[in-house]
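Commentary on secondary and tertiary structure
Here is what each chain is made of, one letter per residue.
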Number of protein chains: 2
Amino acid sequence: MAKQPKSPGSGSKPALLFDLDGTLIDSVYQHVLAWSTALQKAGLPVPAARIHRKIGMSGGLIVHSFMRETGRSLTAKEIKKAHRFHGEEFDKVSDQVRPLPGARELLKRLSQLKVSWAIATSGNREAAEPFLRLLNVGSKDTVITRDEVSRAKPDPDLFLAAAKKLGRKISDCVVIGDSVWDLLAAQRARALGVGLLAGGFGEDELMSAGAYRVYKDPADLLAHLEEIGIRVDND
Amino acid sequence: MAKQPKSPGSGSKPALLFDLDGTLIDSVYQHVLAWSTALQKAGLPVPAARIHRKIGMSGGLIVHSFMRETGRSLTAKEIKKAHRFHGEEFDKVSDQVRPLPGARELLKRLSQLKVSWAIATSGNREAAEPFLRLLNVGSKDTVITRDEVSRAKPDPDLFLAAAKKLGRKISDCVVIGDSVWDLLAAQRARALGVGLLAGGFGEDELMSAGAYRVYKDPADLLAHLEEIGIRVDND
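The structure displayed is predicted, hence computed values, not measured ones. Numbering of residues begins from 1 in every chain and follows the order in which that chain's sequence is written. Lettering of chains starts at A and numbering of ligands starts at 1, both following the order in which they are written. Restriction of local features to residues with pLDDT of at least 70 applies here, the model being predicted, together with a cutoff of 80 or more for giving and counting side-chain atom pairs; totals for whole chains, interfaces and linings are based on all residues. Heavy atoms from the whole structure form the basis of all side-chain values; hydrogens and water molecules are not counted.

This part is about the relation of the copies chain B and chain A. Overlaying chain B with chain A gives an RMSD of 0.0 Å, the required rotation being 180° about an axis along which the chain moves by 0.0 Å. Here the two chains are linked by the operation of a two-fold rotation axis. Relative to the rotation axis, the C-alpha of Gly202(B) is the closest in chain B, positioned 2.7 Å from it. Whether two residues are in contact is decided by their heavy atoms, any of which lying within 4.5 Å being enough. Taken together, the interface assignments show that 100% of the residues at the interface of chain B recur at the interface of chain A, consistent with an identical surface on both copies. The copies were overlaid by least squares, fitting only the C-alpha atoms of residues that reach a pLDDT of 70 or more in each copy.

What follows deals with the sheet that holds strand 6 (residues 213-215) of chain B. Residue and element names in this part refer to chain B. Here we have six strands laid out as an open sheet, ordered 3-2-1-4-5-6, and parallel in their pairing. Of all the strands in the sheet, the pair left with one neighbour each is strand 3 (142-144) and strand 6. Geometrically, the sheet is characterised by an average inter-axis angle of 25° between neighbouring strands, direction not taken into account. Here, any two strands with at least 2 DSSP bridges between them count as paired. Comment: elements are numbered from the N terminus, with helices defined as DSSP H or I runs of at least four residues and strands as E runs of at least two. Two strands pair when backbone bridges link them, and strand 4 (residues 173-177) and strand 5 (residues 192-196) are joined in this way by four bridges, in the parallel orientation. Counterpart to Val-174 in the pairing with strand 5 is Leu-192. Fitting a line to C-alpha atoms yields each axis, with helices limited to the stretch in contact; the angle taken between N-to-C directions then spans 0 to 180 degrees. Of the strands in this sheet, strand 1 (15-18) and strand 2 (117-120) touch helix 5 (residues 103-112), which is tilted by about 155° from strand 1.

Listed as interface residues are 28 residues of chain B and, on the opposing side, 28 residues of chain A. Between chain B and chain A, a total of about 2,000 Å² is buried, with carbon and sulfur atoms accounting for 56% of that surface. It is Tyr29(B), Leu33(B) and Arg98(B) that lose the most area in chain B upon contact with chain A, and together they represent 30% of the buried surface on that side. Any carboxyl oxygen of Asp or Glu that lies within 4 Å of a side-chain nitrogen of Lys or Arg is treated as forming a salt bridge with it. Put simply, chain B and chain A have zero salt bridges between them. We define a polar contact as two N or O atoms separated by no more than 3.5 Å, with the added condition that, inside protein, one atom must be a possible hydrogen donor and the other a possible acceptor, whereas residues neighbouring each other in sequence contribute only through side-chain atom pairs. Where chain B touches chain A, the interface holds eight residue pairs in polar contact (both at pLDDT 80 or more). When residues of the side of chain B that touches chain A are traced back to their parent elements, those giving at least two are helix 1 (28-41), helix 2 (48-52) and helix 9 (203-208) of chain B. Among the elements that make up the side of chain B that touches chain A, the one with the highest residue count is helix 1 of chain B (seven residues). The quantity reported as buried area is the accessible area (1.4 Å probe) lost by two parts once they are put together, taken as the sum for both.

Moving on, we come to helix 6 (residues 125-134) of chain B. Residues and elements named next belong to chain B. The cut-offs for exposure are 20% and 50% of the maximum accessible area for each residue type, with area from a 1.4 Å probe on protein chains only; residues under the lower value are buried, those over the upper are exposed, and the others partly exposed. Taken together, the buried positions of helix 6 are Ala-128, Phe-131 and Leu-132. Each buried residue of helix 6 lies within a common arc of 110° when the element is viewed along its axis, so the set occupies one face. In helix 6, those exposed residues whose orientation departs by more than 90 degrees from the buried face are Glu-126 and Arg-133. In this structure, the buried residues of helix 6 make contact with helix 4 (76-93), strand 2 and strand 3. Following helix 6 by one or two positions, Asn-136 adopts a phi angle in the positive range, close to 60°. Here the arc refers to the set of directions running from the helix axis out to each C-beta atom.

All right, on to the environment of Thr145(A) then. Residue and element names in this part refer to chain A. Along the chain, the position of Thr-145 falls in the loop between strand 3 (142-144) and helix 7 (157-166). Of the residues examined, Thr-145 reaches a relative accessible area of 0% and is grouped as buried. With sequence-adjacent residues up to four places away left out, Thr-145 is seen in contact with Thr-121, Gly-123, Asn-124, Arg-125, Ala-128 and Leu-158. Of the polar contacts made by the side chain of Thr-145, one reaches the side chain of Asp-147; its length is 2.6 Å.

Residues and elements named next belong to chain A. Read from one edge to the other, the open sheet built from six strands follows the order 3-2-1-4-5-6, with strand pairing classed as parallel. Only two strands of the sheet have a single neighbouring strand rather than two, namely strand 3 and strand 6 (211-215). For this sheet, the mean inter-axis angle between neighbouring strands, taken without regard to orientation, is 25°. Each of strand 1 (15-18) and strand 2 (117-120) is contacted by helix 5 (residues 103-112), which is oriented at about 155° to strand 1, the strand it contacts most.

Where like charges cluster on the molecular surface, the negative patch consists of Glu203(A), Asp204(A), Glu203(B) and Asp204(B). When residues of the negative patch are traced back to their parent elements, those giving at least two are helix 9 (203-208) of chain A together with helix 9 of chain B. Looking at the element boundaries, Asp204(A) is found in helix 9. Patch construction takes residues with relative accessible area above 30% that form no salt bridge. Like charges are linked within 9 Å, and nonpolar side chains (Val, Leu, Ile, Met, Phe, Trp, Tyr) are linked within 5 Å. Residue exposure ignores everything except the shown protein chains as possible cover, and the areas themselves are Shrake-Rupley values with a 1.4 Å probe. The charged-residue count follows a simple rule in which Lys and Arg add positive charge and Asp and Glu add negative charge, with His and chain termini not counted at all. Here the site of a charge means atom NZ of a Lys, CZ of an Arg, CG of an Asp or CD of a Glu.

A separate point is the confidence of the model for chain A. Per-residue confidence from the predictor is reported as pLDDT, a score between 0 and 100. Here chain A averages 93 in pLDDT, while 94% of its residues score no lower than 70. The low-confidence segment residues 3-10 of chain A, where pLDDT is below 50, has twelve contacts with residues more than four positions distant or belonging to other chains.

Turning next to unusual backbone geometry. All names here are of chain A. For the bond running from Lys-153 to Pro-154, omega is 10°, close enough to zero to count as cis. When you line up the elements, Pro-154 lands in the loop between strand 3 and helix 7. Positive phi outside glycine occurs at Lys-114, with the angle close to 60°. Note on placement: Lys-114 falls in the loop between helix 5 and strand 2.

Structural data, given as C-alpha coordinates:
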(Lines give C-alpha, C1' and ligand atoms only; values in the text may rest on other atoms or scores of the structure.)
Protein backbone atom coordinates (compact mmCIF):
# COMPACT_ATOMS: atom_id res chain seq x y z
CA MET A 1 0.00 0.00 0.00
CA ALA A 2 1.24 3.50 -0.75
CA LYS A 3 2.26 5.75 2.12
CA GLN A 4 -0.30 8.34 3.19
CA PRO A 5 0.39 11.68 1.50
CA LYS A 6 1.69 14.32 3.91
CA SER A 7 -0.21 17.58 4.14
CA PRO A 8 1.33 20.46 2.27
CA GLY A 9 2.23 23.53 4.29
CA SER A 10 4.18 26.72 4.13
CA GLY A 11 7.32 24.92 5.26
CA SER A 12 6.97 21.88 3.01
CA LYS A 13 9.44 21.28 0.23
CA PRO A 14 8.04 20.22 -3.13
CA ALA A 15 9.03 16.82 -4.47
CA LEU A 16 10.69 16.79 -7.89
CA LEU A 17 9.65 14.33 -10.61
CA PHE A 18 12.21 14.12 -13.42
CA ASP A 19 11.93 12.92 -16.96
CA LEU A 20 15.06 11.01 -18.06
CA ASP A 21 15.92 11.44 -21.80
CA GLY A 22 16.83 15.05 -22.61
CA THR A 23 16.31 16.07 -18.97
CA LEU A 24 19.02 14.16 -17.10
CA ILE A 25 20.85 12.40 -19.96
CA ASP A 26 21.87 13.72 -23.37
CA SER A 27 20.14 11.09 -25.50
CA VAL A 28 17.41 12.84 -27.51
CA TYR A 29 19.39 13.28 -30.74
CA GLN A 30 20.48 9.64 -30.72
CA HIS A 31 16.81 8.66 -30.34
CA VAL A 32 15.82 10.93 -33.23
CA LEU A 33 18.26 9.28 -35.64
CA ALA A 34 17.48 5.79 -34.35
CA TRP A 35 13.77 6.40 -35.03
CA SER A 36 14.56 8.01 -38.39
CA THR A 37 16.40 4.89 -39.57
CA ALA A 38 13.88 2.53 -37.96
CA LEU A 39 10.82 4.19 -39.51
CA GLN A 40 12.54 4.37 -42.91
CA LYS A 41 13.35 0.65 -42.75
CA ALA A 42 9.78 -0.11 -41.66
CA GLY A 43 8.38 1.75 -44.67
CA LEU A 44 7.26 4.91 -42.87
CA PRO A 45 9.84 7.60 -43.73
CA VAL A 46 9.51 10.78 -41.65
CA PRO A 47 11.82 13.85 -41.55
CA ALA A 48 14.04 14.00 -38.47
CA ALA A 49 12.68 17.30 -37.13
CA ARG A 50 9.17 15.84 -36.95
CA ILE A 51 10.49 12.82 -35.06
CA HIS A 52 12.34 15.14 -32.68
CA ARG A 53 9.07 16.78 -31.65
CA LYS A 54 7.59 13.39 -30.67
CA ILE A 55 10.46 12.26 -28.44
CA GLY A 56 9.21 11.92 -24.87
CA MET A 57 6.10 10.02 -25.92
CA SER A 58 6.22 6.23 -25.76
CA GLY A 59 7.46 4.44 -28.86
CA GLY A 60 3.97 3.07 -29.43
CA LEU A 61 2.46 6.55 -29.61
CA ILE A 62 5.26 7.75 -31.90
CA VAL A 63 4.63 5.03 -34.48
CA HIS A 64 0.85 5.34 -34.34
CA SER A 65 0.82 9.10 -34.61
CA PHE A 66 3.07 9.00 -37.68
CA MET A 67 0.85 6.36 -39.28
CA ARG A 68 -2.10 8.69 -38.90
CA GLU A 69 -0.22 11.85 -39.91
CA THR A 70 1.29 10.31 -43.05
CA GLY A 71 -1.74 8.22 -43.97
CA ARG A 72 0.43 5.10 -44.29
CA SER A 73 -0.51 2.15 -42.19
CA LEU A 74 1.78 -0.61 -41.01
CA THR A 75 0.74 -4.12 -40.07
CA ALA A 76 1.16 -5.28 -36.47
CA LYS A 77 4.23 -7.19 -37.63
CA GLU A 78 5.74 -4.10 -39.29
CA ILE A 79 5.09 -2.02 -36.17
CA LYS A 80 6.90 -4.63 -34.10
CA LYS A 81 9.78 -4.48 -36.56
CA ALA A 82 9.94 -0.67 -36.32
CA HIS A 83 10.34 -0.97 -32.54
CA ARG A 84 13.02 -3.62 -32.91
CA PHE A 85 14.89 -1.49 -35.48
CA HIS A 86 14.75 1.52 -33.14
CA GLY A 87 16.22 -0.54 -30.31
CA GLU A 88 18.97 -1.91 -32.54
CA GLU A 89 19.86 1.51 -33.97
CA PHE A 90 19.87 3.17 -30.56
CA ASP A 91 22.06 0.41 -29.11
CA LYS A 92 24.70 1.18 -31.75
CA VAL A 93 25.15 4.72 -30.42
CA SER A 94 24.09 4.41 -26.77
CA ASP A 95 27.72 4.47 -25.63
CA GLN A 96 27.82 8.13 -26.78
CA VAL A 97 25.13 9.08 -24.25
CA ARG A 98 26.41 11.15 -21.34
CA PRO A 99 24.73 12.78 -18.33
CA LEU A 100 23.65 16.35 -19.01
CA PRO A 101 25.67 19.09 -17.27
CA GLY A 102 24.84 19.13 -13.57
CA ALA A 103 22.51 16.10 -13.64
CA ARG A 104 24.46 14.00 -11.14
CA GLU A 105 25.21 17.01 -8.96
CA LEU A 106 21.55 18.09 -8.93
CA LEU A 107 20.26 14.69 -7.77
CA LYS A 108 23.00 14.43 -5.14
CA ARG A 109 22.26 17.92 -3.84
CA LEU A 110 18.52 17.22 -3.61
CA SER A 111 19.23 14.10 -1.56
CA GLN A 112 21.52 16.10 0.74
CA LEU A 113 18.75 18.68 1.17
CA LYS A 114 16.26 15.87 1.91
CA VAL A 115 14.11 16.91 -1.05
CA SER A 116 12.19 13.90 -2.37
CA TRP A 117 12.77 13.16 -6.04
CA ALA A 118 11.91 10.47 -8.54
CA ILE A 119 12.57 9.69 -12.20
CA ALA A 120 9.57 8.92 -14.45
CA THR A 121 10.42 7.86 -18.01
CA SER A 122 8.43 6.77 -21.07
CA GLY A 123 11.18 4.20 -21.72
CA ASN A 124 11.28 0.64 -20.43
CA ARG A 125 13.20 -0.35 -17.30
CA GLU A 126 15.70 -2.41 -19.28
CA ALA A 127 16.51 0.53 -21.59
CA ALA A 128 16.78 2.94 -18.67
CA GLU A 129 19.07 0.84 -16.44
CA PRO A 130 22.48 1.76 -17.95
CA PHE A 131 21.62 5.46 -17.85
CA LEU A 132 20.42 5.28 -14.25
CA ARG A 133 23.83 3.84 -13.36
CA LEU A 134 25.47 6.69 -15.29
CA LEU A 135 23.56 9.10 -13.02
CA ASN A 136 24.52 7.18 -9.84
CA VAL A 137 20.83 6.38 -9.29
CA GLY A 138 20.67 3.33 -7.04
CA SER A 139 18.12 0.74 -5.98
CA LYS A 140 16.97 2.95 -3.07
CA ASP A 141 16.02 5.76 -5.44
CA THR A 142 12.52 5.99 -6.91
CA VAL A 143 12.19 5.27 -10.63
CA ILE A 144 8.97 4.68 -12.59
CA THR A 145 9.28 3.23 -16.10
CA ARG A 146 6.90 2.53 -18.98
CA ASP A 147 6.40 -1.07 -17.79
CA GLU A 148 4.73 0.06 -14.55
CA VAL A 149 1.87 2.12 -15.99
CA SER A 150 -0.72 1.54 -18.67
CA ARG A 151 -0.25 4.86 -20.46
CA ALA A 152 2.90 6.90 -21.11
CA LYS A 153 3.21 10.69 -21.56
CA PRO A 154 1.37 12.92 -22.39
CA ASP A 155 -0.94 10.90 -20.10
CA PRO A 156 -0.21 11.76 -16.49
CA ASP A 157 0.15 8.15 -15.28
CA LEU A 158 3.95 8.08 -14.97
CA PHE A 159 4.09 11.20 -12.82
CA LEU A 160 1.07 10.15 -10.74
CA ALA A 161 2.73 6.79 -10.05
CA ALA A 162 5.99 8.51 -9.13
CA ALA A 163 4.26 10.86 -6.68
CA LYS A 164 2.42 7.91 -5.12
CA LYS A 165 5.65 5.95 -4.72
CA LEU A 166 7.21 8.94 -2.94
CA GLY A 167 4.12 9.20 -0.71
CA ARG A 168 3.47 12.77 -1.87
CA LYS A 169 0.40 14.51 -3.25
CA ILE A 170 0.85 15.27 -6.96
CA SER A 171 -0.07 18.90 -6.24
CA ASP A 172 3.07 19.09 -4.05
CA CYS A 173 5.24 17.93 -6.95
CA VAL A 174 7.18 19.78 -9.63
CA VAL A 175 7.64 17.93 -12.92
CA ILE A 176 10.96 18.66 -14.67
CA GLY A 177 11.10 17.78 -18.36
CA ASP A 178 12.55 18.79 -21.71
CA SER A 179 9.56 17.99 -23.92
CA VAL A 180 6.08 19.43 -24.28
CA TRP A 181 4.80 15.91 -23.46
CA ASP A 182 6.26 16.16 -19.96
CA LEU A 183 4.64 19.54 -19.45
CA LEU A 184 1.27 18.46 -20.84
CA ALA A 185 1.36 15.39 -18.60
CA ALA A 186 2.19 17.70 -15.68
CA GLN A 187 -0.81 19.90 -16.53
CA ARG A 188 -3.11 16.90 -16.74
CA ALA A 189 -1.81 15.71 -13.37
CA ARG A 190 -2.18 19.24 -11.90
CA ALA A 191 1.51 19.38 -11.02
CA LEU A 192 3.71 22.40 -11.64
CA GLY A 193 5.86 21.92 -14.76
CA VAL A 194 9.40 23.22 -15.29
CA GLY A 195 11.10 22.96 -18.69
CA LEU A 196 14.72 22.31 -19.62
CA LEU A 197 16.12 23.29 -23.03
CA ALA A 198 18.46 20.29 -23.03
CA GLY A 199 16.31 18.16 -25.33
CA GLY A 200 16.10 20.74 -28.11
CA PHE A 201 12.51 21.94 -27.76
CA GLY A 202 12.35 25.73 -27.96
CA GLU A 203 11.72 27.90 -24.90
CA ASP A 204 8.50 29.20 -26.38
CA GLU A 205 7.21 25.68 -27.04
CA LEU A 206 7.86 24.74 -23.41
CA MET A 207 6.26 27.92 -22.05
CA SER A 208 3.23 27.44 -24.32
CA ALA A 209 2.87 23.91 -22.99
CA GLY A 210 2.59 25.31 -19.48
CA ALA A 211 6.14 25.53 -18.12
CA TYR A 212 6.20 27.66 -14.99
CA ARG A 213 9.89 28.35 -15.69
CA VAL A 214 12.49 27.18 -18.24
CA TYR A 215 16.17 26.44 -17.51
CA LYS A 216 19.04 25.55 -19.82
CA ASP A 217 20.00 22.24 -18.23
CA PRO A 218 20.17 20.52 -14.80
CA ALA A 219 23.17 22.69 -13.81
CA ASP A 220 21.14 25.83 -14.51
CA LEU A 221 18.22 24.46 -12.45
CA LEU A 222 20.61 23.58 -9.60
CA ALA A 223 21.79 27.20 -9.60
CA HIS A 224 18.20 28.44 -9.27
CA LEU A 225 16.49 25.98 -6.92
CA GLU A 226 14.91 28.75 -4.84
CA GLU A 227 12.88 29.82 -7.87
CA ILE A 228 10.93 26.55 -7.71
CA GLY A 229 10.44 26.65 -3.96
CA ILE A 230 13.43 24.79 -2.58
CA ARG A 231 15.33 26.52 0.21
CA VAL A 232 19.04 25.89 0.22
CA ASP A 233 20.17 28.70 2.52
CA ASN A 234 20.02 26.88 5.83
CA ASP A 235 21.66 23.57 4.90
CA MET B 1 31.43 40.48 -64.27
CA ALA B 2 28.00 40.04 -62.74
CA LYS B 3 24.90 40.74 -64.84
CA GLN B 4 23.21 44.09 -64.23
CA PRO B 5 20.36 43.76 -61.73
CA LYS B 6 16.91 44.11 -63.30
CA SER B 7 14.57 46.72 -61.87
CA PRO B 8 11.90 45.37 -59.56
CA GLY B 9 8.30 46.02 -60.58
CA SER B 10 4.78 44.98 -59.80
CA GLY B 11 5.05 42.10 -62.24
CA SER B 12 8.48 40.89 -61.18
CA LYS B 13 8.90 37.55 -59.50
CA PRO B 14 11.19 37.39 -56.49
CA ALA B 15 14.26 35.18 -56.72
CA LEU B 16 14.57 32.49 -54.05
CA LEU B 17 17.83 31.86 -52.20
CA PHE B 18 17.85 28.53 -50.38
CA ASP B 19 19.92 27.25 -47.53
CA LEU B 20 20.85 23.56 -47.98
CA ASP B 21 21.10 21.58 -44.68
CA GLY B 22 17.72 21.37 -42.93
CA THR B 23 16.06 23.37 -45.72
CA LEU B 24 16.38 21.08 -48.75
CA ILE B 25 18.07 18.01 -47.26
CA ASP B 26 17.38 16.24 -43.97
CA SER B 27 20.90 16.39 -42.52
CA VAL B 28 20.76 18.59 -39.42
CA TYR B 29 20.50 15.79 -36.87
CA GLN B 30 23.41 13.91 -38.41
CA HIS B 31 25.48 17.11 -38.18
CA VAL B 32 24.48 17.56 -34.52
CA LEU B 33 25.73 14.11 -33.54
CA ALA B 34 28.84 14.40 -35.72
CA TRP B 35 29.76 17.67 -33.95
CA SER B 36 28.85 16.18 -30.58
CA THR B 37 31.35 13.34 -31.04
CA ALA B 38 33.94 15.59 -32.70
CA LEU B 39 33.88 18.22 -29.95
CA GLN B 40 33.98 15.54 -27.24
CA LYS B 41 37.02 13.94 -28.88
CA ALA B 42 38.68 17.35 -29.24
CA GLY B 43 38.24 18.04 -25.50
CA LEU B 44 35.32 20.45 -25.75
CA PRO B 45 32.20 18.48 -24.70
CA VAL B 46 28.92 20.32 -25.39
CA PRO B 47 25.32 19.00 -25.00
CA ALA B 48 23.64 18.11 -28.28
CA ALA B 49 20.79 20.62 -28.00
CA ARG B 50 23.28 23.50 -27.77
CA ILE B 51 25.08 22.22 -30.86
CA HIS B 52 21.75 21.95 -32.67
CA ARG B 53 21.12 25.68 -32.22
CA LYS B 54 24.46 26.51 -33.90
CA ILE B 55 23.93 24.41 -37.04
CA GLY B 56 23.76 26.70 -40.06
CA MET B 57 26.83 28.67 -38.99
CA SER B 58 30.16 27.68 -40.49
CA GLY B 59 32.14 25.04 -38.62
CA GLY B 60 34.73 27.65 -37.71
CA LEU B 61 32.16 29.82 -35.94
CA ILE B 62 30.67 26.78 -34.16
CA VAL B 63 34.01 25.78 -32.62
CA HIS B 64 35.00 29.31 -31.68
CA SER B 65 31.67 30.20 -30.14
CA PHE B 66 31.75 27.06 -27.96
CA MET B 67 35.30 27.86 -26.88
CA ARG B 68 34.14 31.25 -25.66
CA GLU B 69 30.88 29.95 -24.13
CA THR B 70 32.53 27.12 -22.21
CA GLY B 71 35.69 29.02 -21.34
CA ARG B 72 37.85 26.17 -22.68
CA SER B 73 40.33 27.02 -25.37
CA LEU B 74 41.73 24.67 -27.97
CA THR B 75 45.02 25.07 -29.77
CA ALA B 76 45.02 25.66 -33.54
CA LYS B 77 45.97 21.99 -33.92
CA GLU B 78 43.08 20.82 -31.74
CA ILE B 79 40.64 23.02 -33.66
CA LYS B 80 41.85 21.45 -36.90
CA LYS B 81 41.35 18.03 -35.34
CA ALA B 82 37.77 18.93 -34.30
CA HIS B 83 36.96 19.81 -37.91
CA ARG B 84 38.52 16.59 -39.16
CA PHE B 85 36.59 14.53 -36.57
CA HIS B 86 33.33 16.23 -37.61
CA GLY B 87 33.96 15.37 -41.24
CA GLU B 88 34.81 11.76 -40.40
CA GLU B 89 31.78 11.31 -38.15
CA PHE B 90 29.41 12.90 -40.65
CA ASP B 91 30.79 10.75 -43.47
CA LYS B 92 29.84 7.63 -41.49
CA VAL B 93 26.15 8.56 -41.58
CA SER B 94 25.89 10.71 -44.71
CA ASP B 95 24.28 7.84 -46.63
CA GLN B 96 21.23 8.25 -44.36
CA VAL B 97 20.67 11.80 -45.61
CA ARG B 98 17.61 12.20 -47.83
CA PRO B 99 15.97 15.15 -49.56
CA LEU B 100 13.28 16.80 -47.44
CA PRO B 101 9.67 16.25 -48.57
CA GLY B 102 8.97 18.30 -51.67
CA ALA B 103 12.54 19.63 -52.09
CA ARG B 104 13.14 18.20 -55.57
CA GLU B 105 9.61 19.05 -56.66
CA LEU B 106 9.90 22.63 -55.41
CA LEU B 107 13.14 23.35 -57.31
CA LYS B 108 11.76 21.72 -60.45
CA ARG B 109 8.53 23.71 -60.22
CA LEU B 110 10.40 27.00 -59.74
CA SER B 111 12.45 26.30 -62.86
CA GLN B 112 9.25 25.52 -64.81
CA LEU B 113 7.77 28.82 -63.60
CA LYS B 114 10.99 30.62 -64.63
CA VAL B 115 11.54 31.80 -61.06
CA SER B 116 15.26 32.32 -60.43
CA TRP B 117 16.65 30.36 -57.52
CA ALA B 118 20.02 29.58 -55.97
CA ILE B 119 21.42 27.52 -53.12
CA ALA B 120 23.72 29.25 -50.60
CA THR B 121 25.29 27.00 -47.97
CA SER B 122 27.74 27.46 -45.08
CA GLY B 123 29.27 24.10 -46.07
CA ASN B 124 32.12 23.57 -48.50
CA ARG B 125 31.57 22.68 -52.15
CA GLU B 126 33.05 19.21 -51.72
CA ALA B 127 30.70 18.40 -48.82
CA ALA B 128 27.70 19.78 -50.69
CA GLU B 129 28.23 17.94 -53.99
CA PRO B 130 26.59 14.58 -53.19
CA PHE B 131 23.53 16.33 -51.78
CA LEU B 132 23.20 18.62 -54.79
CA ARG B 133 23.12 15.49 -56.95
CA LEU B 134 20.46 14.04 -54.62
CA LEU B 135 18.37 17.15 -55.36
CA ASN B 136 18.96 16.91 -59.12
CA VAL B 137 20.82 20.23 -58.97
CA GLY B 138 23.07 20.39 -62.02
CA SER B 139 26.02 22.43 -63.25
CA LYS B 140 23.71 25.05 -64.80
CA ASP B 141 22.08 25.78 -61.45
CA THR B 142 23.43 28.48 -59.16
CA VAL B 143 25.15 27.31 -55.97
CA ILE B 144 27.29 29.38 -53.59
CA THR B 145 29.38 27.54 -51.01
CA ARG B 146 31.57 28.53 -48.06
CA ASP B 147 34.67 28.48 -50.27
CA GLU B 148 33.43 31.39 -52.36
CA VAL B 149 32.91 34.00 -49.63
CA SER B 150 35.03 35.26 -46.76
CA ARG B 151 32.31 35.04 -44.10
CA ALA B 152 29.55 32.46 -43.60
CA LYS B 153 26.13 32.99 -41.96
CA PRO B 154 24.96 34.91 -39.97
CA ASP B 155 27.01 37.29 -42.14
CA PRO B 156 25.06 38.09 -45.30
CA ASP B 157 27.90 37.29 -47.74
CA LEU B 158 26.57 33.94 -49.01
CA PHE B 159 23.16 35.35 -49.88
CA LEU B 160 24.62 38.54 -51.38
CA ALA B 161 26.91 36.44 -53.59
CA ALA B 162 23.98 34.23 -54.66
CA ALA B 163 21.86 37.25 -55.62
CA LYS B 164 24.77 38.72 -57.56
CA LYS B 165 25.32 35.46 -59.43
CA LEU B 166 21.62 35.42 -60.39
CA GLY B 167 21.89 39.03 -61.54
CA ARG B 168 19.19 40.12 -59.08
CA LYS B 169 19.04 42.83 -56.43
CA ILE B 170 19.13 41.33 -52.94
CA SER B 171 15.98 43.32 -52.11
CA ASP B 172 14.19 41.30 -54.80
CA CYS B 173 15.19 38.03 -53.13
CA VAL B 174 13.51 35.81 -50.56
CA VAL B 175 15.86 33.77 -48.35
CA ILE B 176 14.50 30.35 -47.35
CA GLY B 177 16.17 28.71 -44.37
CA ASP B 178 15.60 26.48 -41.35
CA SER B 179 17.92 28.22 -38.88
CA VAL B 180 17.92 31.60 -37.18
CA TRP B 181 21.34 32.17 -38.82
CA ASP B 182 19.72 32.13 -42.26
CA LEU B 183 17.11 34.61 -41.13
CA LEU B 184 19.58 36.91 -39.41
CA ALA B 185 21.76 36.83 -42.53
CA ALA B 186 18.65 37.70 -44.56
CA GLN B 187 17.93 40.65 -42.28
CA ARG B 188 21.49 41.91 -42.55
CA ALA B 189 21.25 41.62 -46.34
CA ARG B 190 17.83 43.34 -46.35
CA ALA B 191 16.19 40.34 -48.02
CA LEU B 192 12.87 38.89 -46.94
CA GLY B 193 13.34 35.73 -44.85
CA VAL B 194 11.08 32.67 -44.80
CA GLY B 195 11.57 29.88 -42.27
CA LEU B 196 11.15 26.12 -42.56
CA LEU B 197 10.63 23.93 -39.49
CA ALA B 198 12.53 21.06 -41.13
CA GLY B 199 15.78 21.68 -39.25
CA GLY B 200 14.23 21.53 -35.80
CA PHE B 201 14.30 25.20 -34.80
CA GLY B 202 10.99 26.23 -33.25
CA GLU B 203 8.47 28.40 -35.09
CA ASP B 204 8.79 31.13 -32.49
CA GLU B 205 12.58 31.18 -32.79
CA LEU B 206 12.29 31.63 -36.57
CA MET B 207 9.63 34.34 -36.26
CA SER B 208 11.70 36.17 -33.63
CA ALA B 209 14.70 36.07 -35.98
CA GLY B 210 12.61 37.89 -38.58
CA ALA B 211 10.84 35.22 -40.62
CA TYR B 212 8.10 36.77 -42.73
CA ARG B 213 6.37 33.37 -42.78
CA VAL B 214 7.16 29.83 -41.55
CA TYR B 215 6.38 26.57 -43.39
CA LYS B 216 6.78 22.97 -42.33
CA ASP B 217 9.04 21.83 -45.18
CA PRO B 218 9.66 22.44 -48.92
CA ALA B 219 6.41 20.61 -49.80
CA ASP B 220 4.45 22.98 -47.57
CA LEU B 221 6.18 25.99 -49.16
CA LEU B 222 5.43 24.60 -52.64
CA ALA B 223 1.76 24.44 -51.69
CA HIS B 224 1.78 28.12 -50.64
CA LEU B 225 4.00 29.86 -53.20
CA GLU B 226 1.54 32.69 -53.69
CA GLU B 227 2.05 33.74 -50.08
CA ILE B 228 5.64 34.77 -50.86
CA GLY B 229 4.77 36.53 -54.11
CA ILE B 230 5.06 33.84 -56.75
CA ARG B 231 2.14 33.51 -59.15
CA VAL B 232 1.43 29.99 -60.28
CA ASP B 233 -2.08 30.44 -61.71
CA ASN B 234 -1.22 31.33 -65.29
CA ASP B 235 1.45 28.73 -66.03
